[in-house]
Amino acid sequence: MRPAVLTASILLLFALSVRAAEPADLPARPDKPNVLFIAVDDLRPDFGCYGSAEVRSPHMDRLAAEGLLFRRAYCQYPLCMPSRASVLSGYRPESINNTPRVSGRVPGGTVTLPQLFRNAGYTTVSVGKVYHENDDNPAAWVRRHTDTFAAEGKWCNGYCSGYQLQANRDTVQNYLQGKRRQGLPASPIAEITDTPDDRTPDGLIARLAVEELRRFKQSGEPFFLAAGFYRPHMPLTAPRKYWDLYDRSRIELPANFLRPPGGPRGDWDEVRRYGDCPLTGTMPVDKAREIIHGYHASVTFVDVQVGRVLDELRRLALDRSTVVVLWSDNSWRLGEHGLWSKPACSEVPTRIAMMLKVPWLAASGPTAALVELVDIYPTLAELCRLPAPDYLEGTSMVPLLGDPKRPWKTAAFSRVGKAQTVRTDRFRLIRHPSGQLELYDHRHDGAEDRNLAQDPAHANTLKELQVLLAAGWRAARPPGPAATPSPAASQPSTRPAPAAGVVCFGDSITVRGYPAELARLLNVPVANAGVGGQTTAAALRRIRKDVLDRKPRAVVILFGTNDSRLAEPSVCVPVAKYQANLEKMVDLCRSVGASPVLCTIPPIAEQPYFTRHARKPFEKVGGLAKALDQYRAAVRAAADDRKVPLVDLGAELAKKPEWLSPDGVHPTKEGNAIIARLVAPVVKAILDGAATTRPAER
Ligand SMILES: [Ca+2]
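Rules behind the numbers
- Residues numbered from 1 in each chain as written.
- Predicted model: local features only at pLDDT ≥ 70, side-chain atom pairs only at ≥ 80, totals over all residues.
- Heavy atoms only, no water.
- pLDDT = per-residue confidence, 0-100.
- Contact = heavy atoms within 4.5 Å.
- 1 Å grid on protein atoms, 1.4 Å probe; cavity = no way out; pocket = protein on both sides within 12 Å on 5 of 7 lines; lining within 4 Å.
- Points joined across faces, edges and corners; volume = space filled by probe spheres on them.
- Helix = DSSP H or I, 4+ residues; strand = E, 2+ residues; numbered from the N terminus.
- Nonpolar A, V, L, I, M, F, W, Y, C, P; charged D, E, K, R; others polar.
- Pairing = 2+ DSSP bridges.
- Axes fitted to C-alpha atoms, helices over the stretch in contact; angles between N-to-C directions.
- Salt bridge = Lys/Arg side-chain N within 4 Å of Asp/Glu carboxyl O.

**Points about the confidence of the model for the protein chain**
(1) Moving on: In this model, the protein chain carries a mean pLDDT of 88, and residues with pLDDT of at least 70 account for 89%.
(2) Moving on: Below a pLDDT of 50 lies the segment residues 1-23, which in the model reaches three contacts outside its immediate sequence neighbourhood of four places, other chains included.
(3) Moving on: Counting interchain partners and residues more than four positions distant, the pLDDT-below-50 stretch residues 481-498 has 37 contacts.

**A short note on empty space enclosed by the protein**
(1) Moving on: For the structure on display, the rule yields four cavities of 30 Å³ or more.
(2) Moving on: Looking at the largest cavity, its volume works out to about 80 Å³.
(3) Moving on: Forming the walls of the largest cavity are L63, E66, L310, L313, R314, D319, T322, V324 and K357.
(4) Moving on: Elements supplying a minimum of two residues to the lining of the largest cavity: α2 (58-66), α10 (285-315) and β6 (322-328).
(5) Moving on: Of the residues forming the lining of the largest cavity, the biggest block, three residues, is contributed by α10.
(6) Moving on: Tallied by class, the residues present in the lining of the largest cavity amount to four nonpolar, one polar and four charged.
(7) Moving on: When its volume is computed, the second largest cavity comes out at roughly 50 Å³.
(8) Moving on: Residue lining of the second largest cavity: E66, G67, L68, L356, K357, V358, L361, A362, A363, S364 and L401, and that is the complete set.
(9) Moving on: Partitioning the lining of the second largest cavity into residue classes produces seven nonpolar, two polar and two charged.

**Things to note about the sheet that holds strand β12 (residues 437-441)**
(1) Moving on: The antiparallel open sheet is built from four strands, whose spatial order is β9-β10-β11-β12. Single-partner strands in this sheet number two, and they are β9 (412-416) and β12. Across the sheet, the mean angle from the axis of one strand to that of its neighbour is 15 degrees, orientation sign disregarded.
(2) Moving on: In terms of strand pairing, strand β10 (residues 419-423) meets strand β11 (residues 427-431) through four bridges, oriented antiparallel. Bridge pairing in β11 places V422 opposite L429.
(3) Moving on: Each of β9, β10, β11 and β12 touches helix α14 (residues 459-471); the most contacted strand, β11, lies at about 65 degrees to it.

**Some details on the pattern of salt bridges**
(1) Moving on: Taken as a whole, this structure holds 43 salt bridges when the rule is applied.
(2) Moving on: D663 serves as the salt-bridge partner of R512, at 3.8 Å between the closest nitrogen and oxygen. Remark: D663 occurs in the loop between α24 (649-654) and α25 (669-687) and R512 occurs in the loop between α16 (508-511) and α17 (514-522); sequence separation between them is 151 residues.
(3) Moving on: Here R642 makes a salt bridge to E583, at a shortest N to O gap of 3.7 Å. Pair noted here: R642 is in helix α23 (residues 624-642) and E583 is in helix α20 (residues 575-591), with a separation of 59 residues, a long-range link.

Put into C-alpha cells, the structure is as follows:
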C-alpha cells in the first residue's frame, strides 16, 4: 500500500471512528421547540414496548424506542377527571380538592400547562379528550376541537362513545345516567362494525391533528398541540379489522381472576352500567374474554391513530423540532382480582403508560425510575425553557433523559378520595379511610395477591412506609441539581446524612444552586438542603434529617418566598408564625452546636409573579412589596432576638437586578454567584471562629 493511500485509509478510519462515537444525526435544539401532547384514555402499560407479546402497538413502540420509555410511571388519581386536572394544572389532586375541573376550581394565579405555552406565544390547540370536560379551561387554547364530535352527529354521545349502531346510540344515555338499575336497556360494553377509522371519534381526532400539523408547517408558528384519544376507554368500539387481529380463543384471563383480594378494592359500577354486564356477582368468563379482546383491539386501533399523527409529524420534518409526550391518565383492571374498574389505589389502576421523545437528545430509555404524571408539566416547561410556576408539585424528568439509571424519586403517591397509597421501589402501602392497611412486596408479589399488613415479619416495613406516606411527596423527591444533594430527597429516612461543614437550608432559591457556588468560594463541603416550594412550617418537619443529623458548623437559613404566598391559604405561613419558626430553627441548630445564619427574602418581580398568583390578597395589605417587608422585618426581629448573623438579601439583591431570572422569583446562574458572594463572608467568619453574634456588615 502506498503511503498516500495508507494515510487516506487512516484518515477515513479516524473519521469513521469519530462519527461512530457521536450520537446519530441529532438536530440542534430549536429556539422554541414545539410540543405534541398525546393523551390516551385508560391505557394500561401492557402493550409491545412494555413487554406484551400479545398486544400490537408498533407506532407507540417506535416512539418509545426513539425517546425515553417510563416503565414505572404512576398517576396521582386513577380516574379521568382528577387525573387530567392534576396533569394540566401541575397540582396534585389533594391540593385542588380532587377537582374534576380546572376552570374556576384551582387557586387563583394558577397557570395551566397549555396557558403557560400560550402566554409564551405558542399556538395552543386542543383536539379530543384533553381535559375531561369539553369546555374546561377555554382561555388556555387558541383553538379547540373538543366539541366537534357532538356537532357532527349523535354517534359521538357521552364519552365520545363511537357507537355506530342506532340501537346503541339510542341507549347510551341510559348507560351514562346509570338507568339500567331502573330496568331500562343500556348500550353494551362493546360493538363491532366495519366502520372506516375516520368515522370514529379517534379517527377524527387523528385527522384533525394531522390538519393542524399541516397548518403549523405552513405558518411556521410554534405550537402546543394536544390530542386526546378516547379508546381504550369503554365502550370498546374499535372497528372490526382491529378485533380481527386477535384470536379470542387464545386470550387468557389473569392468573388471579378469581382470587379474593386481600383488602377492599372498590366496586366496578362503571362496567355494571352497560347493558350486557352482570348487575351483581362475577363477570362470566365469556364476557371477560370479550372485554379483554375488545381492549386489545382498541389499543391497536388507537396505536394506528397515534401513528397517523406521528407519521405526519415526520413527513413534515416537524419531528426534528417537536417534543412528543404520550401518557395515559389512569390504567384499568382487566379482571385482576375479578375486578373491572380503575378508581382504586392498587398497582394496576395507578401504573400508567408514559413516553417522552426529545429530538435533540439521543434515545436513552427505558427507565425504571419512579415518576409521576404531575412531573410532565415541569418537564415540558424546562425543555422549552418557559418559566414554570413556583407552585408546581412535580419534578422535571429532564435529568433522566441523559441518565435513566440515576437515583430518582424514592416513592410515588396516588389517592382515591381519602384512600392514599405510596409505591416505593419494592413495596406498596395502601391506607384506607377506615384505617385498614394493605402492604404488598413487589419483589415477590407483583400482582398484589398477598396483603402483608398483618404479617409480623413485615412490621418494620409497614412502619417505615407509614412514615413515608405521612411525610408525603416532598420528602421523596430526587436529589437536587447542586453538588451535594439533600439527604431527605435521595435516601430512606434511616440512613445517616453525610457530614457537611455548611448546610444551606431553604426552598427553591436554594435548590437553584447558590450552595455549589458557596462551596467553591469557601473551599469547604456545602450541602444543598433546599426543597422547592417549602415554607418554614414544612421545612421544620425535615430539619432533623436534612440539617441537624449532618452536624454542620454553619447553617444558612433562607425561607419566606413561599411563607409569604398570601394568595394560597393552604401554603401561606402568617408573619408571626414565620418568625417563631425561624427562631425554632435557630434554637435547633444551636442544640447540635451549629451556628445559624438568617437571610431576608430576596426581591420578587411583580409582573411575572402576578401572572401566577392572585393579586388581591396582596392589595389588602398594601401590595407585594409591603407584604414582603413585613416578612423581612420578622427575620430581622428573629435575628435580633436570638443574636444571629443576618444577610439582608432583600436589600442587597435589590441593588443587583441582574440576579433575578425572568420568572421573577428565582436566581439566574449569575444570581447564584451573587448570593454566594453575599453569604460567604458571614459563613467564613463562623468557620474561622470569628463571628459569634453579628456579621461585620450589620
Ligand atoms: Ca381515563
